[in-house]
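Here is what each chain is made of, one letter per residue.
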Amino acid sequence: MKKKPPISTQSLRPLPSTGPPASHDGGMSELLTWPTLPADLIINILWRLPVKSLGKFKCVSKQWLYLITDSYFISMYKEIRLRNPNIVLVKKTPLLRETHMKKCTRIDLCSLNLDGSCRNDEFSLYLNDDEKNIEVLPSKWDFICLVSESGFYVCNPSTRVMVKLPEASCCTSGEVNAGMGYVKERDEYVLVHLFDRSLDIHVDYDIGCEVLRLRDGKDCQWQVVEADCPYVVRGWGVLVKNVFYWMIWDEYNQPGDEAIVSFDLEKEEFGNVSPPEGHFDPQGAWSLVELGGRLCLVDNAARPLMVDIWVLNDLDNHIWVRDYSIDMNGYVSDLFKSVILLDYRGGEILMDAKQESLDCYDVEKKHIKRMEHLISGEWTWLRIYTESFFWPGSR
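Scope of this entry: the structure provided in the associated data block. (Residues numbered from 1 in each chain as written. Predicted model: local features only at pLDDT ≥ 70, side-chain atom pairs only at ≥ 80, totals over all residues. Heavy atoms only, no water.)

### Examining the sheet that holds strand β16 (residues 286–291)
Remark on secondary structure: sheet strands pair via backbone hydrogen bonds, oriented parallel or antiparallel.
Right, so step 1: Here four strands make up an open sheet; going across it, the order is β16-β17-β18-β19 and the pairing antiparallel. A single partner strand is all that each edge strand has here, and the edge strands are β16 and β19 (319–327). Sheet twist, expressed as the average angle between the axes of neighbouring strands with direction ignored, equals 30°.
Right, so step 2: As paired elements, strand β18 (residues 306–314) and β19 share eight bridges and run antiparallel to each other. Bridge pairing in β19 places Trp310 opposite Arg322. (Pairing = 2+ DSSP bridges. Helix = DSSP H or I, 4+ residues; strand = E, 2+ residues; numbered from the N terminus. Axes fitted to C-alpha atoms, helices over the stretch in contact; angles between N-to-C directions.)

Written as structure tokens, this is what we have:
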């Protein structure tokens, strides 16, 4: 086994706005009085370490415990990690059991650097549920949310902690329509669940809405709002600037002017957004995604081997602009239609080429870089995630 090279203190330049104020908490500067290294350098080194390593370092001494659990250290650690995300691969595998026993599914998780240069962690969790009924909500934060017929689960891959959330309202249609997002101003994760209360999904829609707000180390409960969702939706909800969006679905009367339904978290009201005028085909392969803080409508079928990305530039007047058109000629026709857009980062759009590759589209060079080596072993889902100490529930 090769030894790791020693850390060069010259290469560890201070990150922007890193050093804690001299008066912070009245004690951190006193703790960082080691004679060998400057205090700012020590903190910069610790901020670069994974959560798993910092968890071990907390056991070194009371001083290290105080430093690593300090609120300033944790908040800055999260900010830095948001700029340097990881990939988490999630795979579900049914476990054989006796017929009289409950079904069980193993959930395998593997995290690695965004460029695939290093595997950071790999472990398994277990759910007493049928693997056919388990899904993972789209996310790019410090935990993932799993949905099964028995409820919602959240897991922090950094700490390997998984918690089952409080039981949600029963949906008579059997569908799970939900959305998850992070509200930075309140430092909370919001989960919205739409549930059909009617006995017949094809007649008299009665779709209720409930909201769950998840904070670090806090218990949570579902809160049913007064407003009912006026449409049947498809796909997972997308959060942009405190508003969730879903594509509308109606098998009898495909909508035209009212293609997207919105839910304002602050007002707790539903609305609708019109699609790009003259370009929307209700029968097409449309999906919603948040890229760079903007709501985007993705069209995978309007033109052969092209993916068009429409950006909502003016919410009040429902004005869309086609910002990107990605040439997918390097893909087989069956694959490019299932490409899922994940994030916009550093001038690149990250894409999940379903169970085959993580791809990066350079918006300036209009070039796709494929990284097939990242996804091996038939992983079911690929998500972006950031390391953190987030604890989904009371400690």
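### Quick notes on the pattern of salt bridges
Oppositely charged side chains can form a pair if their charged atoms are brought close together.
Right, so step 1: Overall, the coordinates contain 19 salt bridges when judged by the stated rule.
Right, so step 2: Here Arg322 ties to Asp308 by a salt bridge, and the two come within 3.5 Å at their closest N and O atoms. Taken together, the residues span a long stretch of sequence, with Arg322 in strand β19 and Asp308 in strand β18 at a distance of 14 residues.
Right, so step 3: The exposure class of Arg322 is partly exposed, given its relative accessible area of 38%. (Salt bridge = Lys/Arg side-chain N within 4 Å of Asp/Glu carboxyl O. Buried < 20%, exposed > 50% of the residue type's maximum accessible area, 1.4 Å probe, protein only.)

### What to know about the pairing of strand β14 (residues 260–264)
Right, so step 1: Extensive coverage of β14 is indicated by the burial of five of its five residues.
Right, so step 2: Side-chain alternation along β14 places Ile260, Ser262 and Asp264 on one buried face and Val261 and Phe263 on a second face that is also buried.
Right, so step 3: Relative to β14, strand β13 (residues 243–248) is paired through five bridges, and the arrangement is antiparallel. Looking across to β14, one finds that Tyr245 is bridged to Ser262.
Right, so step 4: Counting the residues in the hairpin turn of β14 and strand β15 (residues 269–273) gives four residues, including Glu268, whose phi is positive at 55°.

### Focus on the pairing of strand β17 (residues 294–299)
Right, so step 1: With five of six residues buried, β17 is to be regarded as a mostly interior element.
Right, so step 2: Of the pairings in the sheet, the one linking β16 to β17 comprises six bridges and is antiparallel in character. Looking at β17, one finds that Leu288 is bridged to Leu297.
Right, so step 3: The turn linking β16 back onto β17 is made up of two residues, and Gly292 within it adopts a positive phi angle of 60°.
Right, so step 4: As paired elements, β17 and β18 share four bridges and run antiparallel to each other.

### Things to note about the sheet that holds strand β7 (residues 161–164)
Right, so step 1: Taken in spatial order, the four strands make up an open sheet running β4-β5-β6-β7, and their pairing is antiparallel. Two strands lie at the open edges of the sheet, namely β4 (135–136) and β7, each paired on one side alone.
Right, so step 2: As paired elements, strand β6 (residues 151–156) and β7 share four bridges and run antiparallel to each other. Considered in β7, the bridge of Asn156 is made with Val161.

Note that every value here comes from positions in space, so none of it alone points to a role or purpose.
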